[in-house]
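Chain by chain, the residues run as shown.
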Amino acid sequence: MIILSIETSCDETAVAIVEFKKGSAKVLANIVSSQVKMHSNFGGVVPSLASRMHLKNITPILKKAFQNAKINKKKIDFVAVTNGPGLIPALMVGVGAAKALAYGLEKPLIGIHHIEGHIYANWLKKLNAENNKLWEAEFPIICLTVSGGHTQIILMKKDLNYKVLGETLDDAVGEAFDKVAKLLELGYPGGPVIEKMAKEGDEEKIKFPRPMMNSMDYNFSFSGLKTAVLYEVKARKEIDNQYKQDVAASFQRAAFDVLVSKTIKAAEKHKVKNIVLGGGVSANKKLQKLLAGAIKSNLSACGFSFPVSRLTSDNALMIAIAAYHHVEKNKGIKDWKSVQADANLKLK
Ligand code: KG4
Ligand code: ZN
């Protein structure tokens, strides 16, 4: 079964073509065209520009994907697309292209929730393998999904079954990284550069708050932490590189302490077999290390998974893997008329 998938929810135009055979995947094409350089001039993603770039890029990228895959278009069995959440002008480009393809090829269309894609990125353990066996995950699973738009703790009792236990009440953690980087004049996106600076800094130098760390729920709040960084930096007279490194390290540790502590609490409560990390922030080695350490100390029998490095940020391969599970479970297989872009799509 061959799935063509499209992802355009934010600032990446991505197309993948994947052949699935009884629980294994062969990646025939996987193209990601990032607009990050263009948006960095504005300090963040500009939705109308993102949409324009997606529109310019989507057809050449589709063409290139078919060339890479070396298959005839008629071989596609299913078309899949991220239909939300995300920036509506950006989503509409991908959904429009997917609808046109599904209509033209007379194939079913599957709408995929962006976070569902980030979670299922974990099911592909190697990127370059010819025929890679997909992960046979044991449930229940706790997912910590951390991106520029989301911070959620999700319980999965089985495939495609999601219960959001908690989420951020204000900023997403990736957004907080981006804002702190802007404050320290480190550019956009903030996550990778904060991680790099933090490696050279002292994470105990500045005592930043750990918002909602001891609240009885699984919710988060990062806007107060961001404001604490703002006040700290404003009050400082001399801002040299060492100081920036210490702020980066102390901020990063404060944010991750809360994420790790609540994830472990949820995993203990639900006696899970695995903890899964997903979303752009999951690329962060310090977060991976802290979570792995906490699992080892508190939940010795629990497994831990994070995506291979090229699948942490937005891509279409993760959308194809999620779509494959939809086909297997016969969930959400629609015709081109029934899939719509929805900026606030809920995970069901
Ligand atoms: O999943 P993603 O690529 O796009 C969204 O769905 O939002 O996530 C992007 C976010 C950005 O906020 C970026 O700063 C953050 O992920 N990020 C990181 C790292 N790499 C990307 N945050 C912390 N550490 C990183 N290494
Ligand atoms: Zn994402």
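Our subject is the structure listed above.
Residues numbered from 1 in each chain as written. Chains lettered and ligands numbered in written order. Predicted model: local features only at pLDDT ≥ 70, side-chain atom pairs only at ≥ 80, totals over all residues. Heavy atoms only, no water.

Draft legend 1. Here's a closer look at the packing of helix 5 (residues 173-183) against helix 7 (residues 223-235). In contact at an axis separation of 10 Å, helix 5 and helix 7 are set at 10 degrees when each is read in the N-to-C sense. Taken together, the axes of helix 5 and helix 7 lie roughly parallel to each other. Across from Lys179, Val180 and Leu183 in helix 5, the residues of helix 7 making contact are Lys226, Val229, Leu230 and Val233. When the residues that make up the contact of helix 5 with helix 7 are grouped by side-chain class, the tally is five nonpolar, no polar and two charged. (Axes fitted to C-alpha atoms, helices over the stretch in contact; angles between N-to-C directions. Helix = DSSP H or I, 4+ residues; strand = E, 2+ residues; numbered from the N terminus. Parallel < 35°, antiparallel > 145°, perpendicular 65-115°, else oblique. Contact = heavy atoms within 4.5 Å. Nonpolar A, V, L, I, M, F, W, Y, C, P; charged D, E, K, R; others polar.)

Draft legend 2. Structural detail: the pairing of strand 1 (residues 2-7). For strand 1, a buried count of six out of six residues is recorded, marking the element as mostly surrounded by other parts of the structure. In strand 1, alternate side chains face the same way, and those of Ile2, Leu4 and Ile6 on one face and Ile3, Ser5 and Glu7 on the other are all buried. Two strands pair when backbone bridges link them, and strand 1 and strand 2 (residues 12-21) are joined in this way by six bridges, in the antiparallel orientation. Looking at the pairing, Glu7 lines up with Ala14 of strand 2. (Buried < 20%, exposed > 50% of the residue type's maximum accessible area, 1.4 Å probe, protein only. Pairing = 2+ DSSP bridges.)

Draft legend 3. Just the side chain of Glu7, in detail. Examined against the element boundaries, Glu7 turns out to sit in strand 1. Polar side-chain contacts of Glu7 include one of 2.6 Å to the side chain of Ser9. There is a polar contact of 2.6 Å between the side chain of Glu7 and the side chain of Thr82. Apart from the residues within four sequence positions on either side, Glu7 is in contact with Glu12, Thr13, Ala14, Thr82, His114, Asp314, Asn315, Ala316, Met318 and Ile319. (Polar contact = N/O pair within 3.5 Å; in protein donor to acceptor, adjacent residues only side chain to side chain.)

Draft legend 4. Representation of the sheet that holds strand 7 (residues 141-146). Strand order in the open sheet formed by five strands is 9-8-7-10-11, and the pairing between neighbours is mixed. The sheet is open, and its two edges are formed by strand 9 (163-167) and strand 11 (303-305), each paired on a single side. The mean angle between the axes of side-by-side strands here comes to 20 degrees, regardless of whether they run parallel or antiparallel. Relative to strand 8 (residues 151-156), strand 7 runs antiparallel, the two being bridged by six bridges. Within the sheet, the bridge partner assigned to Ile141 lies in strand 8 and is Met156.

Draft legend 5. Region of the structure containing the coordination of the zinc ion (ligand 2). Around the zinc ion (ligand 2), the protein contributes the donor atoms His114 (NE2), His118 (NE2) and Asp314 (OD), which lie 2.0 to 2.1 Å from the metal centre. As a motif over one chain, the donors of the zinc ion (ligand 2) read H-x3-H-x195-D. Placement of His114 in helix 4 (residues 114-120) and of Asp314 in the loop between strand 11 and helix 10 (317-329) is noted, with a sequence separation of 200 residues between them. Here His114 matches Asp314 in class, with each residue buried. (Donors = N, O, S within 2.8 Å, 3.2 Å for Na, K, Ca; no water.)

Draft legend 6. Quick peek at the sheet that holds strand 6 (residues 132-133). The strand order 6-3-2-1-4-5-12 describes an open sheet built from seven strands, whose pairing is mixed. Two strands bound the open sheet, and with one partner strand each, they are strand 6 and strand 12 (333-334). Here 10 bridges tie strand 2 to strand 3 (residues 24-34), and the two strands are oriented antiparallel to one another. Residue pairing for strand 3: Thr13 is matched across the bridge by Ser33. Here helix 2 (residues 47-69) sits on the sheet in contact with strand 1, strand 2 and strand 3, set at roughly 30 degrees to strand 2. Contacting strand 1, strand 2, strand 3, strand 4 (78-84), strand 5 (109-113) and strand 12, helix 10 runs over the sheet at an angle of about 130 degrees to strand 1.

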